[in-house]
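Chain by chain, the residues run as shown.
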Amino acid sequence: MRSLSVLFLALALAVGTVSLVHAPPPSQPPVIGTPIISPISPTSSNIVTVSVNVTSARSTIQNVTITYTIDNWKSTNTTIVASYNATTTTATGKIPALASGGSVEYYIVAFDNSGNSNLNNNNGSYFSYNVSPTTSLTSVSTLTYILVAAGIAAAIATVAIMIIKAPQSKSRHAKPSSTQDQNWSRGSP
């Protein structure tokens, strides 16, 4: 009997070992949280930082991508690889400034090292933000400075022309009033 028990124990261990070797890989995909952007209300001069919490219960995160469009997915979309901090489980990506203003839509995809992936596209509505076109005070100020400088230059040019065209002063052609002045003008001492 004892040998039969040992045989069953050996068989159980062998079957258990074989089943562990052939266990399927973890199939639970990464979990992607709701992203936040910074700044919250971007203008056309702001690079927008997208941060999102990404975790995987059975593996480690391999990479996280952010795909965005500025034309409502008509012809242009761009995918950027986000940096991932395993300690904070935060993925961070930067979407370039949208100089002309407008709307940006985006979604996030995460991949783990077990070959699983997940998509967070806000249930098909996509995440989005609007970019305000800025009325550049710099360009308004620059234009003002240019106009003021042009006005000053025109005034200086006008005064210079008036000086050049002004009749010669009468004091150079006036008759000497004293004898000393008469002698000096004739070249006599």
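We now turn to the structure provided with this report. Predicted, not measured: the structure shown is a model, and the values here were computed from it.

We now examine the pairing of strand 8 (residues 117–120). The pairing of strand 7 (residues 102–112) with strand 8 spans four bridges and is antiparallel. Bridging across to strand 8, Val109 finds its partner in Leu119. Counting the residues in the hairpin turn of strand 7 and strand 8 gives four residues, including Gly115, whose phi is positive at 90°.

The subject of this paragraph is the packing of aromatic side chains. Aromatic rings considered in pairs are described by the distance between their centres and by the relative angle of their planes. For the coordinates displayed, the defined rule picks out five aromatic pairs. Ring geometry for Trp73 against Tyr107: centres 5.6 Å apart, planes inclined by 35°, an arrangement best described as tilted. Note that Trp73 is positioned in the loop between strand 4 (61–69) and strand 5 (78–85) and Tyr107 in strand 7, a separation of 34 residues in sequence. Aromatic rings pair up to connect Trp73, Tyr107 and Tyr126 into one cluster.

Right, let's talk about the pairing of strand 6 (residues 90–95) for a bit. Burial of the side chains of strand 6 is restricted to one face: Ala91, Gly93 and Ile95 are buried, whereas none of Thr90, Thr92 and Lys94 on the reverse face is. Looking at chain direction, strand 3 (residues 48–55) and strand 6 are connected through six bridges and run antiparallel. Considered in strand 6, the bridge of Val52 is made with Ala91. Summarising the sheet, strand 5 and strand 6 pair through three bridges and their orientation is antiparallel. Its bridge partner lying in strand 6, Tyr84 is registered against Ala91. From the end of strand 5 to the start of strand 6, which pair antiparallel, there are four residues, and Thr89 there has a positive phi angle of about 55°.

Counting residues in each nonpolar core, the largest one holds 22 residues, and the members touching the most others are Val54, Val64, Ile66, Ile95, Tyr106 and Tyr129. Of all the elements in the fold, those that place two or more residues in this core are strand 3, strand 4, strand 5, strand 6, strand 7 and strand 9 (127–131). Not counting residues up to four positions away in its chain, the partners in contact with Tyr106 are Pro35, Ile37, Val50, Ile66, Thr67, Tyr68, Trp73, Tyr126, Phe127, Ser128 and Tyr129.

Our focus in this paragraph is the side chain of Ser59. Residue position: Ser59 is located in the loop between strand 3 and strand 4. Judged by its relative accessible area of 17%, Ser59 is buried. Setting aside chain neighbours within four positions, we find Ser59 in contact with Asp112, Asn113 and Ser114.

Let's shift gears to the environment of Ala91. Inspection of the secondary structure assignment puts Ala91 in strand 6. Spatially, the C-alpha atom of Ala91 lies 9.2 Å from that of Val81, the residues being 10 residues apart in sequence. Once residues within four sequence positions are removed from consideration, Ala91 is found in contact with Val50, Ser51, Val52, Val54, Val64, Ala82, Ser83 and Tyr84.

What follows deals with the side chain of Thr69. Mapped onto the elements of the fold, Thr69 is located in strand 4. Given the relative accessible area of 1%, Thr69 is considered buried. Side chain to side chain, Thr69 and Asp71 meet in a polar contact 2.8 Å long. Polar contacts involving the side chain of Thr69 include one to the main-chain carbonyl oxygen of Thr76, which spans 2.6 Å.

Cut-offs applied
- Residues numbered from 1 in each chain as written.
- Predicted model: local features only at pLDDT ≥ 70, side-chain atom pairs only at ≥ 80, totals over all residues.
- Heavy atoms only, no water.
- Pairing = 2+ DSSP bridges.
- Helix = DSSP H or I, 4+ residues; strand = E, 2+ residues; numbered from the N terminus.
- Phe/Tyr/Trp six-rings, centres within 6.5 Å; stacked < 30°, edge-to-face > 60°.
- Buried < 20%, exposed > 50% of the residue type's maximum accessible area, 1.4 Å probe, protein only.
- Core = buried A, V, L, I, M, F, W, Y, C linked by side-chain atoms within 4.5 Å.
- Contact = heavy atoms within 4.5 Å.
- Polar contact = N/O pair within 3.5 Å; in protein donor to acceptor, adjacent residues only side chain to side chain.

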